[in-house]
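These are the residues of each chain, in order.
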Amino acid sequence: MSEEKQKRETEAWFTLSGDVNSDMVHRMFDAVADMTEDGIETAHILIQSNGGYVSDGLCLHNYLRNLPIKIITYNGGAVASIAVILFLSGEERYASETARFMVHKSHASAPHGARPDALRIIVEGLQADDARTESILRKHVQLTDEHWNIHAYSDLHLTAPDAAKVGLVNAVADFKPPKGKRVTNI
């Protein structure tokens, strides 16, 4: 068997979409169990998500970064909020020319009439989430001072070429499974 054919047999192609939440975590755990059983060494994952829960995104980021499987992530359209951190779990990362990234601080709403102590707890939780996600961003992405200033007060939007300039993606490239290769939705 040729070396190229062997390599293809150890690679798999996936799509992952929807909210980053406990359901996505469970779907990913199941998919990785199947990958491990099937001898997959490299997983190509096209991500489409507008965000979700910070703790679930951090769980997936940490889980995927520490697998004995090489994870390659792709953005073919939009990756936003905590999904950007999930996207960063890829050892290699790519985005289509028309893809966009939106990076922003955490947000939540408080119940009507919430007491000041309850509001303080919500704010402290949001600040802790922001500190956790910002540490990952700083580790993997070289945002400019201007980017960080925008991020501090607003949504930071990056095109695929902008994302390549700051190291969010390795290159502007499409998700292109080889002909005849099965693409599985996680």
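Residues numbered from 1 in each chain as written. Predicted model: local features only at pLDDT ≥ 70, side-chain atom pairs only at ≥ 80, totals over all residues. Heavy atoms only, no water.

A. Geometry of the packing of helix α3 (residues 54-65) against helix α5 (residues 116-140). Close contact between α3 and α5 brings their axes to 10 Å; oriented N to C, the two are set at 35°. Pair α3 / α5 crosses with left-handed handedness. Between α3 and α5, the contacting residues are Val54, Ser55, Leu58, His61 and Arg65 on the first element and Asp129, Arg132, Thr133, Ile136 and His140 on the second. When its residues are assigned to classes, the contact of α3 with α5 shows three nonpolar, four polar and three charged. (Axes fitted to C-alpha atoms, helices over the stretch in contact; angles between N-to-C directions. Helix = DSSP H or I, 4+ residues; strand = E, 2+ residues; numbered from the N terminus. Left-handed = near helix turned anticlockwise from the far one by under 90°. Contact = heavy atoms within 4.5 Å. Nonpolar A, V, L, I, M, F, W, Y, C, P; charged D, E, K, R; others polar.)

B. Representation of the nonpolar core. Counting 46 residues, the largest nonpolar core has Met35, Phe101 and Leu168 as the members making the most contacts within it. Contacts of leucine 168, omitting those with residues within four sequence positions, involve Val84, Phe87, Leu88, Arg93, Phe101, Val141, Leu158 and Ala163. Formed by five residues, the second largest nonpolar core is a distinct cluster that contains Trp13, Ile72, Tyr74 and Tyr94. (Core = buried A, V, L, I, M, F, W, Y, C linked by side-chain atoms within 4.5 Å. Buried < 20%, exposed > 50% of the residue type's maximum accessible area, 1.4 Å probe, protein only.)

C. View of the pattern of salt bridges. Applying the stated rule across the entire model yields five salt bridges. When the shortest N-O distance is used, the salt bridge between aspartate 23 and arginine 27 registers 2.8 Å. Here aspartate 23 and its partner arginine 27 are both found in helix α2 (residues 22-38), four residues apart, which amounts to about one turn of the helix. The class for aspartate 23 is partly exposed, based on a relative accessible area of 43%. Linking arginine 115 and aspartate 117 is a salt bridge whose minimum nitrogen-to-oxygen distance equals 2.6 Å. Its relative accessible area of 55% is what places arginine 115 among the exposed residues. In this structure aspartate 117 comes out as partly exposed when scored by relative accessible area, which is 29%. (Salt bridge = Lys/Arg side-chain N within 4 Å of Asp/Glu carboxyl O.)

Don't take any of this as a statement about function, it's just geometry.
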